[in-house]
Amino acid sequence: MDELSPVAEINDPDLICISETWLDPSILDLTISPYRKDRGTPGGGLITYVKTAIPSSRLFDMEEEGKEALWLLLKPQRLPRPFSCIVMVAVYYPPDQAAINETTMIDYLTNGIDVILQSYPSAGIIIAGDFNKMKLGTLCNCFDFRKIVKKPTRQNNTLGQIMTNMSPLFQEVQHLPPLDEVESLLKNYPLPLPSIGQIKSVLNHFNHSKTTGTDGVPAWLLKRFSSDLAPIVHDIITASIKQCKYPSHYKHGLVTSVPKAYPPTDWPLYYIGSDSITQTWFNATDNTCRDKAGIRALFIDFKKAFDLVDHGILLNKLVLMNVNKSFWLWVKSFLSGRTQQVKINQTLSSIEGCPAGVPQGSALSPTLFNIHIDDLDTSVPEDLEVSTYKYADDCTQSECIMKGECSNMQKVLDSVQN
């Protein structure tokens with residue numbers, strides 16, 4: 001469980017199926033009670049965890065002695081048409097079985113699915129597990145199932161598989177690293193804590209004109225009484241770091257509509273320096289020493305960029321960056337459980353949750369957003385020779401082409417959009 005917990009925290013799955021558990025009745029459930037089927041003899045066994053928000057029940061009538069298959073009925077609140085429920089079958093089929101055993105197992109699953117579709121004609125079916133080298137073509141053809149695992153799951157063999165009649169709803173299957181590998185990426189060590197003097201210095205540099213937050217404490221007050229308040233603020237911050245929890249009181253946001261000025265009154269001034277984009281373009285098109293060249297550029301502004309950051313993707317990327325486990329847990333707390341409401345004059349809207357996004361105005365949000373899109377340039381094929389420049393929620397991509405050459409920028413844009 002110590003190895004499985006980080007995987008569940010990172011990916012936040014609705015369903016976890018584990019085969020070859022090697023459990024027996026003497027081993028008790030240490031966490032939320034799962035659905036499990038023990039073999040009773042060494043080897044084999046199945047466990048399935050279902051998110052508590054999804055109503056689920058076990059279909060004992062479908063199970064058979066000697067067949068390692070666990071049948072569950074899931075009824076999520078929302079399902080796409082035409083599905084009214086989902087029947088999940090977790091399977092483990094041992095290796096090196098006789099042909100008669102494989103035929104018997106295929107017949108058992110086929111008859112079981114027939115029974116399910118008679119009781120639930122519009123059920124979505126998902127069969128997942130470790131099938132080893134069982135031939136699954138007959139089962140798929142009977143019910144028009146599609147296999148959605150396309151890459152090997154063990155060395156060069158695809159032994160684990162997922163079959164379903166809901167394949168259009170599935171994205172490409174993502175292969176996660178082994179459990180011990182994920183655990184090793186989340187090593188923990190003490191985080192540095194700020195001193196009271198550092199906190200006081202930050203308070204002294206507050207901009208007193210900034211809007212007061214939901215705690216009602218104005219910035220000018222924190223700045224004026226920094227000597228008295230620094231120890232209190234220090235205790236709050238250090239407790240947050242040590243406990244890896246962001247204070248819940250600061251997770252609520254008030255959104256005030258501020259219309260943009262139109263037409264714009266000021267044009268931004270661009271500095272041309274040795275490291276600027278424009279200087280790079282100037283150098284590339286300096287025709288004194290080369291044939292005529294031109295620049296083609298894409299200026300990309302992400303729609304609702306900060307609001308659409310996927311928490312699961314962001315947390316997964318932090319793990320791959322080998323960040324400290326305490327920091328990872330703190331960021332997870334910082335992102336989760338946020339709420340907001342709109343304020344117009346003195347009227348407040350109802351409170352709504354924020355299942356995605358990073359908070360506007362936070363000093364940490366631009367960094368988290370940049371991590372979220374850090375692989376943007378890798379989505380563009382290397383042979384297109386495109387330069388990518390990212391700053392907060394703006395992105396510029398450009399190429400230098402010689403006179404008469406064709407531009408690849410449409411291909412670049414297609415790659416980014418996909």
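Residues numbered from 1 in each chain as written. Predicted model: local features only at pLDDT ≥ 70, side-chain atom pairs only at ≥ 80, totals over all residues. Heavy atoms only, no water.

Asks: I tried to follow the sheet that holds strand S3 (residues 46–50) on my own but got confused; where do I start?
Replies: Note: strands within a sheet are paired through backbone hydrogen bonds, in either parallel or antiparallel orientation. Spatially, S1-S3-S2 is the arrangement adopted by the three strands of the open sheet, whose pairing is antiparallel. If you trace the sheet from one side to the other, it starts and ends with strand S1 (15–19) and strand S2 (35–37), each paired once. Averaged over all pairs of adjacent strands, the angle between their axes in this sheet comes to 5°, without regard to strand direction. (Pairing = 2+ DSSP bridges. Helix = DSSP H or I, 4+ residues; strand = E, 2+ residues; numbered from the N terminus. Axes fitted to C-alpha atoms, helices over the stretch in contact; angles between N-to-C directions.)

Asks: Explain the packing of helix H9 (residues 311–320) against helix H10 (residues 325–335) here, please?
Replies: Geometrically, a packed helix pair is captured by the angle between its two axes and the distance between the axes. Between H9 and H10, the least distance of the axes is 10 Å, while the angle of their chain directions is 170°. In terms of orientation, H9 lies roughly antiparallel with respect to H10. Once H9 is placed against H10, the crossing between them reads as right-handed. Within the contact between the two elements, H9 uses His 311, Leu 314, Leu 315, Leu 318 and Val 319 and H10 uses Phe 327, Trp 328, Val 331, Lys 332 and Leu 335. When grouped by side-chain class, the residues that make up the contact of H9 with H10 number eight nonpolar, one polar and one charged. (Parallel < 35°, antiparallel > 145°, perpendicular 65-115°, else oblique. Left-handed = near helix turned anticlockwise from the far one by under 90°. Contact = heavy atoms within 4.5 Å. Nonpolar A, V, L, I, M, F, W, Y, C, P; charged D, E, K, R; others polar.)

Asks: Explain the side chain of Lys 67 to me, please; I cannot follow it from the model alone.
Replies: Locating Lys 67 in the fold gives a position in the loop between strand S4 (56–58) and strand S5 (69–74). The class for Lys 67 is buried, based on a relative accessible area of 14%. Residues in contact with Lys 67, not counting those within four places in the same chain, are Lys 37, Thr 104, Met 105 and Tyr 108. (Buried < 20%, exposed > 50% of the residue type's maximum accessible area, 1.4 Å probe, protein only.)

Asks: Sorry, what's going on with unusual backbone geometry here?
Replies: When glycine is set aside, most residues are seen to have a negative phi, and most peptide bonds are trans. Cis geometry is found at the peptide bond from Arg 81 to Pro 82, where omega equals 5°. Note that Pro 82 resides in the loop between S5 and strand S6 (85–92). For Asp 144, which is not a glycine, the phi torsion comes out positive at approximately 55°. On the basis of relative accessible area, Asp 144 is assigned to the partly exposed category, the value being 49%.

Asks: Looking at this model, I keep getting lost on a nonpolar patch on the surface. Mind explaining?
Replies: On the surface, Ile 232, Ile 236, Ile 237 and Tyr 250 cluster together into a nonpolar patch covering about 320 Å² of accessible area. Considering the arrangement of structural elements, one finds Tyr 250 in the loop between helix H7 (226–243) and strand S10 (252–256). (Patch = residues over 30% accessible without salt bridge, like charges linked within 9 Å, V, L, I, M, F, W, Y side chains within 5 Å. Areas by Shrake-Rupley, 256 points an atom, 1.4 Å probe, with all protein chains shown as cover. Salt bridge = Lys/Arg side-chain N within 4 Å of Asp/Glu carboxyl O.)

Asks: What should I look at first to understand the environment of Ser 195 in this one?
Replies: You can see Ser 195 is positioned in the loop between helix H4 (179–185) and helix H5 (196–204). Separated by 39 residues in the primary sequence, Ser 195 and His 234 place their C-alpha atoms 7.3 Å from one another.

Asks: So what exactly am I meant to see when it comes to the packing of aromatic side chains here?
Replies: Taken as a whole and assessed by the stated rule, the structure comprises six aromatic pairs. Pairing Trp 71 with Tyr 108 gives two aromatic rings, centres 6.2 Å apart and planes at 85°, and the pair type is edge-to-face. In this pair, Trp 71 is assigned in strand S5 and Tyr 108 in helix H2 (residues 99–119), connecting sequence segments 37 residues apart. The burial state of Trp 71 is the same as that of Tyr 108; both residues are buried. Relative to Phe 334, the ring of Tyr 246 lies with its centre 5.0 Å away and its plane at 90°, an arrangement referred to as edge-to-face. Placement of the pair is Tyr 246 in the loop between H7 and S10 and Phe 334 in helix H10, with a sequence separation of 88 residues. By relative accessible area, Phe 334 is classed as buried at 3%. An aromatic cluster of three or more residues is present, and its members are Tyr 246, Trp 330 and Phe 334. The ring of Phe 334 is capped by Arg 338, whose NZ or CZ atom sits 4.6 Å from the centre of that ring. (Phe/Tyr/Trp six-rings, centres within 6.5 Å; stacked < 30°, edge-to-face > 60°. Lys NZ or Arg CZ within 6 Å of the ring centre and 35° of its normal.)

Asks: Honestly, the pairing of strand S9 (residues 160–164) in this entry has me stumped. Any pointers?
Replies: On any regular strand, side chains alternate: one points to one face of the sheet, the next to the other face. The element S9 is extensively covered by neighbouring structure, given that four of its five residues are classed as buried. In terms of strand pairing, strand S7 (residues 123–130) meets S9 through five bridges, oriented antiparallel. Its bridge partner lying in S9, Ile 127 is registered against Met 163. As judged from the two bridges shared by strand S8 (residues 146–147) and S9, these two strands associate in the antiparallel manner. Bridge pairing in S9 places Arg 146 opposite Thr 164.

Asks: Sorry if this is basic, but what is going on with H7 here?
Replies: Each α-helix turn comprises 3.6 residues. Residues three or four places apart therefore point the same way. The terminal C-alpha atoms of H7 lie 25 Å apart, and with 18 residues this matches the ideal 26 Å at 1.5 Å per residue to within 8%. Among all positions in H7, only Ser 226, Ala 230, His 234, Thr 238 and Ser 240 are buried. Here the buried face of H7 lies against H5, helix H6 (219–224) and H10. Phi turns positive, to about 60°, at Cys 244, one or two residues after H7. (Expected span 1.5 Å × (residues − 1).)

Asks: How should I be thinking about H2 in this particular structure?
Replies: If you check H2, its first and last C-alpha atoms are 31 Å apart, about what 21 residues at 1.5 Å a residue would give, namely 30 Å. Residues Glu 102, Met 105, Ile 106, Tyr 108, Leu 109, Thr 110, Gly 112, Ile 113 and Ile 116 constitute the buried set of H2. For H2, the elements touching its buried residues are S5, S6, S7 and helix H3 (137–143).

Asks: Help me out: how do you make sense of the sheet that holds S5 in this one?
Replies: With mixed pairing, the six strands of this open sheet are ordered in space as S4-S5-S6-S7-S9-S8. Of all the strands in the sheet, the pair left with one neighbour each is S4 and S8. Packed on one face of the sheet, H2 meets S5, S6 and S7 and runs near 15° to S5.

Asks: What am I meant to see in the side chain of Ser 398 here?
Replies: With respect to the helices, strands and loops of the structure, Ser 398 is situated in strand S16 (residues 394–402). When near neighbours in sequence (up to four residues on either side) are disregarded, Ser 398 contacts Trp 281, Ile 295, Arg 296, Ala 297, Glu 385, Val 386, Ser 387, Tyr 389 and Met 409.

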